[in-house]
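Chain and residue survey
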Amino acid sequence: MEDLKNILAEEKNGVLFLTINRQDKMNALNFATLEELREIFDEVVDNKAIKAVILTGAGEKAFIAGADIKEISELNEVNARKFAEHGQEIFSMIENCHKPVIAVTNGYTLGGGCELAMACHIRIASANAKFGQPEVNLGIIPGYGGTQRLTILVGRGKANELMMTGDMIGAEEARELGLVNHVLPTKEDAMAKAQEIVEKIMSKAPLAIGMVVDCVNAAYLADENGFQTEANSFARCVKSGDYKEGTSAFLEKRKPVFKGE
């Protein structure tokens with residue numbers, strides 16, 4: 001992660017803080033930024049020192065205001081399909097990451113920015129956040145998984161309305177719809193809430209956290225039996241040292257010390 005140009009990355013006490021840093025472009029996602037996200041999450045998966053990720057955007061105006069329109073304007077049918085599949089692949093890496101990924105959204109969270117936030121496990125918004133999938137204004141639709149994740153999060157009717165009209169909604173409405181978990185007055189407050197949640201999650205058994213991710217995601221996969229995934233994952237947990245530590249600590253009335261093994 002030493003050669004990043006569009007994303008700031010800083011690890012503190014096991015938490016990797018990522019900031020999309022294209023403030024002059026409202027943090028718009030371009031090809032280079034997507035590749036940096038891929039590189040980062042490749043390392044997150046393998047780096048045992050990283051226990052969780054908090055993702056935000058630079059400045060107060062935007063989390064990510066969308067994809068890079070100039071790059072989109074140069075697409076044709078063939079490379080447009082590859083463009084969408086490429087973004088979907090990277091966002092799926094985030095969604096399937098066994099370590100918690102929390103998006104702290106501030107200001108405009110639109111298009112690809114909304115899609116990236118939805119790929120994270122938990123979303124926390126500052127009060128000034130605005131969410132939307134306005135792609136129809138450009139004659140296109142969301143391509144990084146937005147049509148699927150928005151429908152899962154807010155339901156078919158509201159997803160149709162938001163994507164067909166291109167309308168934006170505020171943070172409180174997003175919370176009421178289930179698009180975000182929490183709304184805080186400022187970005188600073190939202191970051192503090194994210195850290196609070198991450199610290200709580202990091203005190204739990206890492207293998208079990210990863211299994212939660214797998215099982216929750218399985219609930220939305222048409223070709224997967226989520227109940228069987230749950231049973232298989234439960235069995236994998238019971239094989240682990242964390243299971244032995246957790247149950248022993250409970251019976252001995254002490255705090256468990258999980259090792260992720």
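As shown above, the structure is provided for reference.
Every value quoted in this text rests on a predicted model; they were computed, and no experiment measured them.

**Digging into the overall build of the chain**
Each helix and strand in the chain was counted, giving eleven helices and ten strands. For the chain, the C-alpha radius of gyration of 19 Å lies close to 18 Å, the compact-globule estimate for 261 residues. With respect to the three principal axes, the spread of C-alpha positions in the chain is 60 × 40 × 35 Å. Each of the 261 residues in the chain was classed as buried or not, and the buried ones make up 44%. Partitioning the contacts of the chain with sequence separation of at least 6, the portion at a separation of at least 24 is 68%. About 13900 Å² of surface is accessible on the chain, with carbon and sulfur atoms providing 53% of the total. Computing the positive centroid from 29 side-chain charges and the negative centroid from 38, the chain places the two 5 Å apart.

**Section: the pairing of strand 3 (residues 52-57)**
In terms of burial, strand 3 is a largely internal element, six of the six residues being buried. Every second residue of strand 3 is oriented toward a common face, with A52, I54 and T56 on one face and V53, L55 and G57 on the other, all of them buried. Read as a crossover between parallel neighbours, the route from strand 2 (residues 15-20) over helix 1 (residues 31-46) to strand 3 is right-handed. Bridge count between strand 3 and strand 5 (residues 101-105): three bridges; the pairing is parallel. Residue V53 lies in a different strand from strand 5, and its bridge partner there is V101.

**Details of the sheet that holds strand 5**
Here six strands make up an open sheet; going across it, the order is 1-2-3-5-7-10 and the pairing mixed. The open sheet has two edge strands, strand 1 (7-12) and strand 10 (182-184), and neither has a second partner. For this sheet the average axis-to-axis angle between neighbouring strands, irrespective of direction, equals 20°. Direction of pairing for strand 7 (residues 122-126) relative to strand 10: parallel, over a ladder of three bridges. Paired with S126 across the strands is L184, a residue of strand 10. Across the face of the sheet, helix 1 comes into contact with strand 1, strand 2, strand 3 and strand 5 while running at roughly 175° to strand 2.

**A short note on a nonpolar patch on the surface**
Together, I152, V212, V216 and Y220 line one region of the surface with nonpolar side chains, adding up to about 370 Å² of accessible area. As for its placement among the helices and strands, V216 is situated in helix 9 (residues 206-218).

What counts, and where the lines are drawn
Residues numbered from 1 in each chain as written. Predicted model: local features only at pLDDT ≥ 70, side-chain atom pairs only at ≥ 80, totals over all residues. Heavy atoms only, no water. Helix = DSSP H or I, 4+ residues; strand = E, 2+ residues; numbered from the N terminus. Rg over C-alpha atoms; globule rule 2.2 N^0.38 Å. Buried < 20%, exposed > 50% of the residue type's maximum accessible area, 1.4 Å probe, protein only. Contact = heavy atoms within 4.5 Å. Areas by Shrake-Rupley, 256 points an atom, 1.4 Å probe, with all protein chains shown as cover. Lys, Arg positive; Asp, Glu negative; His and termini not counted. Charge placed at Lys NZ, Arg CZ, Asp CG, Glu CD. Right-handed = clockwise from strand over helix to strand, strands pointing away. Pairing = 2+ DSSP bridges. Axes fitted to C-alpha atoms, helices over the stretch in contact; angles between N-to-C directions. Patch = residues over 30% accessible without salt bridge, like charges linked within 9 Å, V, L, I, M, F, W, Y side chains within 5 Å. Salt bridge = Lys/Arg side-chain N within 4 Å of Asp/Glu carboxyl O.

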